[in-house]
Amino acid sequence: MTSKVTTEVLDKGTKQPKTILQIPQKQKTKIYYNKKAESEFFVDNSALAGFTGERILYMSVRELIENSLDSCEINHILPVIQLSLKLLDPLNDLWTISCKDNGIGIPSEKVPVAVCSFLTSGKYVEKQQRGLFGVGLKMIAAFSTKDTDHPLKVWSKSEEESEYYFDLRTDIGTNKPITLFKKSVKNDESQIEGESGFKVEAILRAKLSPVTKNKIYDYSSQTSIVNPYAIFIFETDEGKVTFKRRTQIMPNPSREVLPHPSDMDLKTLKKAIMNFMNQKTTLQGILSNSFQKMSNDKAKDIINRAGLSVKPADQYDEHELIKVVNICKHTKFQSPNTDHLSPIGEKILTVGMTSEYSIIQNKETTTSGSQTHLSAKILKPSLTAYSSRICVVNNRPTIVECGIAYGGDIHSFELYRYANKIPLLYDEGSDVAREVISEVGINKMGISKKEVKEQFSNVETKSDRTVEYLPIHIFFHICSTKIPYKTAGKESIASEGDLKKYMKSCLSDLYRKVSAQIRRELKIKEDENKLRLYKHYIPFIVDAISESIKIDSKKLSKAFQNLAEKYVGGELSNIAKKILPNSNQKRIESGNKKNSVNSDKGDDNNLSKFDTRTNVSVLKHSNKTKPAKINIPRKITKK
C-alpha cells in the first residue's frame, strides 16, 4: 500500500513543504491460538444445531420429544409423553417449556454431565436413532443459562434407584455442569408416577411467531402419525390436546451394528485396534471381529494382498494400515445387514394414516377479546396403501417406506417427510422427496392431467403438478444408521446413491395400487357433474314441450330425471340404441332383428303413456325407414 504524506524538506533556497510518496514497512503480526470449550462453540454457532432466531422453541420441542421417544423404545416401553409450552413473561419473551416421559431415566450420578456437557452422549454408536449429535438437551441448558438466571430443573428416576431432583446450569466457558441443588425426592413430592421416567423444565428467551407456532403444532401431530402406539399430551396457553394411543404394536428396537468394511478409513481401523489393545490379537482377528461381512479367510486375503507381515496389531504403523484401508476400498463385500434397523412397518404406518391427528385452532370472540382454543381433529381417508424398499446408501443399509392416504376426510394434497421417525418440516423444496413427487408422473394411475384438473378445478393450489390437485397425503420415511442430511439442521435429505431411484419405485408402486379407486372416484365426480347439468336443463325442456302439446309436466319431468339418473348410473348405457335403433346398424344381426323391433315397441309404449294425444307413436317415423342392410361375411356366402 502507498499513501501520500506531507513532509518538510529543506531544499536550497526554499522552506516550502514538499509532497512525496512513501511506502511504509510491513508490520509483523503474531497469531495467538486459543482453545474454545465445546459449549461455547455450539452457543456461538447455534445454527449448527438448528437453534436460530425463531426456531429456538420449535427445536426445543423437537429435541425433547425425540429424547423421550428414544428413551422409551430402548426397553420397548409404550410411551406416555407430556409436553407443556407456556408464556412466563411477555415483556421479556420468557417461555417455560417442560417435558415428562416414562422412559428408562438417567442414573443420578450421570444426570449433570448428560444434561449439560456437550459432546457427551450415549448416541455415538453405529445405530439407528433419532438423535444425531446428542446436543439437543445441552443446547436447551446452555440457552437457559445464557439468557436467564433461572436454573434447569430435572427429575430422574431409573429402575436401579429412586427419584432425584436437580437444579443445574452450564458453565459455558468450560463445558462443565454446575449443580446448584440435588436431593432425593420423597413419595409425596414425586413428579414421576411409574417405575422409571425423566422430566425436565427450562425457561428460555425466545419469540414465537405464528409460523413457528403452526410448525410446533404440525410437528406434534405428524409425530403422532408415525408413533400411534404413544400417548402425547400437548399443553399451551391456548389449550390442551391429547393424541390417543391407537395401537399396542411397537416396532422392534434398533440395535448397534458393526461398520461395513467398504466404508473403512484409517480412523475407524485404528479405533478397532485400540478396542483390542489389552488383548494380544492379530490384525486378522481384529478385522473379522470389528467389521461385518468380514470372515477370517477374507481378512487373511486382505492382509496378504497388502503385503504385511504377521505381528501384533498394535505394532503396525500408519503407512502399513493405510494399505489395508486401500485394499478394502477396492474389495467387493456382501451387502450390509438390515435386521438391525427399526422401520415403522406396514401395520403401524397404516394405523397412523387411517387416523391422522390434526390440531385445530378455534377462535372465539368474547367480551374481553378474541381467544383461541385448541382441539384435535381426526382425518380418516377412504383408502391407504404401503410400499417399502431396501437399498444401500454410502455403504450403509437404508430402508425406504412410502404410504398413501386418499379421499375420505382428506381434501387437499400434503407431503409428509420423515427420517428415523422424525418429521421434517422445513426446507421441503430442497428435499429429495419433493424431487421424487415432481418426477413420478400421475399417468402411473392411468389418468390424465385434463381429467384431474376438470374434476378438481376448485382446489386451491399454486403448483402446476397434477398430483397436488388430488385429495391425497403422501408419506416418505427413510431409516438408516446415517441419514444423508443436507445441512446440520437435519431438515432436508440429499439425493445420494440410489436413494431417489428406490423412492420413485415405491411411489410408482403405490400409484398403481390406488389407481383403480382414484379412477372410480373420478368417474363418480364426472357422472355427478353430468347429472347436475341434465337436471339443470330438464325444466326448460319440459316447459318447451308443455307449451306445444297437452302433457302432464310433473310426470314428464320426473320421467326425464329418472331417465337421466339411470343413464348416468350406467343402467341405461344402451339407451341411444333403444330409442334410435338405426344409429348403429352395423352391429344388428339378422337373428336378433325381430327381438330388436319388439324392444322398440316396448319403449314406444313406455314413452307414449305420458302423451295425452291419441294414435301418436314416438317411433312411427323410425319404423317407416328402410330395413337395415345386413353385411354377410364372404366365407358364410360361399358356404
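Residues numbered from 1 in each chain as written. Predicted model: local features only at pLDDT ≥ 70, side-chain atom pairs only at ≥ 80, totals over all residues. Heavy atoms only, no water.

Below, the discussion takes up the packing of helix H8 (residues 296-306) against helix H9 (residues 318-329). Contact geometry for H8 and H9: axes closest at 9 Å, N-to-C directions at 120°. Considering how the two elements wind past one another, H8 and H9 form a crossing that is right-handed. Residues Ile302, Arg305 and Ala306 of H8 form the contact with H9, whose participating residues are Lys323, Val324, Ile327 and Cys328. Grouping the constituent residues of the contact of H8 with H9 by class yields five nonpolar, no polar and two charged. (Axes fitted to C-alpha atoms, helices over the stretch in contact; angles between N-to-C directions. Helix = DSSP H or I, 4+ residues; strand = E, 2+ residues; numbered from the N terminus. Left-handed = near helix turned anticlockwise from the far one by under 90°. Contact = heavy atoms within 4.5 Å. Nonpolar A, V, L, I, M, F, W, Y, C, P; charged D, E, K, R; others polar.)

Turning to the state of the cysteines, a few remarks are in order. The tally for this structure, following the rule as stated, stands at zero disulfides. Take Cys72: it sits in no disulfide, and the sulfur closest to it among the cysteines is that of Cys99, at 9.4 Å. Residue Cys72 is classed as buried on the basis of its relative accessible area of 0%. (Disulfide = S-S within 2.5 Å. Buried < 20%, exposed > 50% of the residue type's maximum accessible area, 1.4 Å probe, protein only.)

Next up on the list: the packing of helix H2 (residues 56-74) against helix H5 (residues 210-226). Close contact between H2 and H5 brings their axes to 9 Å; oriented N to C, the two are set at 15°. Comparing the axis directions of H2 and H5 gives the class roughly parallel. In the crossing of H2 with H5, the sense of the turn from one axis to the other is right-handed. Seen from H2, the contacting residues are Leu57, Tyr58, Val61, Arg62, Ile65, Glu66 and Leu69; seen from H5, they are Thr212, Lys215, Ile216, Tyr219 and Thr223. Per-class residue counts for the contact of H2 with H5 are seven nonpolar, two polar and three charged. (Parallel < 35°, antiparallel > 145°, perpendicular 65-115°, else oblique.)

Quick look at the sheet that holds strand S16 (residues 422-424) now. With mixed pairing, five strands are arranged side by side in an open sheet as S13-S14-S17-S15-S16. Looking along the sheet, the strands with just one partner apiece sit at the ends: strand S13 (383-393) and S16. Taking the axes of each pair of neighbouring strands and ignoring which way they run, one obtains an average angle of 20° across the sheet. By the bridge criterion, nine bridges tie strand S14 (residues 396-406) to strand S17 (residues 472-480) in an arrangement that is antiparallel. For Ile399, the partnering residue across the bridge sits in S17 and is Cys479. Along the sheet, helix H10 (residues 346-354) contacts S13, S14 and S17; its crossing angle with S13, the most-contacted strand, is approximately 135°. (Pairing = 2+ DSSP bridges.)

It is worth spelling out the pattern of salt bridges at this point. All told, the structure shown has 23 salt bridges when counted by the stated rule. With a shortest N-O distance of 2.9 Å, Lys213 and Glu238 are connected by a salt bridge. Residue Lys213 is found in helix H5, and its partner Glu238 is found in the loop between strand S9 (231-236) and strand S10 (239-243); the two are separated by 25 residues along the sequence. Put simply, Glu318 and Lys270 hold a salt bridge, and the shortest N to O gap is 2.7 Å. With Glu318 in helix H9 and Lys270 in helix H6 (residues 266-275), the pair connects residues that are 48 residues apart, well separated along the chain. Overall, the relative accessible area of 34% leaves Lys270 in the partly exposed class. Connected via shared salt-bridge partners are Asp70, Glu73, Arg130 and Lys421. (Salt bridge = Lys/Arg side-chain N within 4 Å of Asp/Glu carboxyl O.)

So, about a nonpolar patch on the surface. A cluster of nonpolar side chains, contributed by Leu533, Tyr534, Tyr537, Phe540, Ile541 and Tyr567, occupies part of the molecular surface with about 600 Å² of accessible area. With five residues, helix H13 (residues 499-548) is the single largest residue contributor to the nonpolar patch. Looking at the element boundaries, Ile541 is found in helix H13. Given the relative accessible area of 40%, Ile541 is considered partly exposed. (Patch = residues over 30% accessible without salt bridge, like charges linked within 9 Å, V, L, I, M, F, W, Y side chains within 5 Å. Areas by Shrake-Rupley, 256 points an atom, 1.4 Å probe, with all protein chains shown as cover.)

Core analysis: the biggest nonpolar cluster contains 67 residues, and Val115 and Val154 have the highest contact counts within it. For Val154, the contacting residues outside a window of four places in its chain are Val111, Val115, Tyr164, Tyr165, Phe166, Leu168, Phe198, Lys199 and Val200. Listed in part, the 40 residues of the second largest apolar core include Val436, Met445, Val467 and Tyr485. (Core = buried A, V, L, I, M, F, W, Y, C linked by side-chain atoms within 4.5 Å.)

Turning next to the packing of aromatic side chains. As enumerated under the stated definition, the model contains eleven aromatic pairs in all. Judged by centre distance (5.5 Å) and plane angle (85°), the ring pair of Phe41 and Phe42 falls under edge-to-face. The ring of Phe333 is capped by Lys298, whose NZ or CZ atom sits 5.5 Å from the centre of that ring. (Phe/Tyr/Trp six-rings, centres within 6.5 Å; stacked < 30°, edge-to-face > 60°. Lys NZ or Arg CZ within 6 Å of the ring centre and 35° of its normal.)

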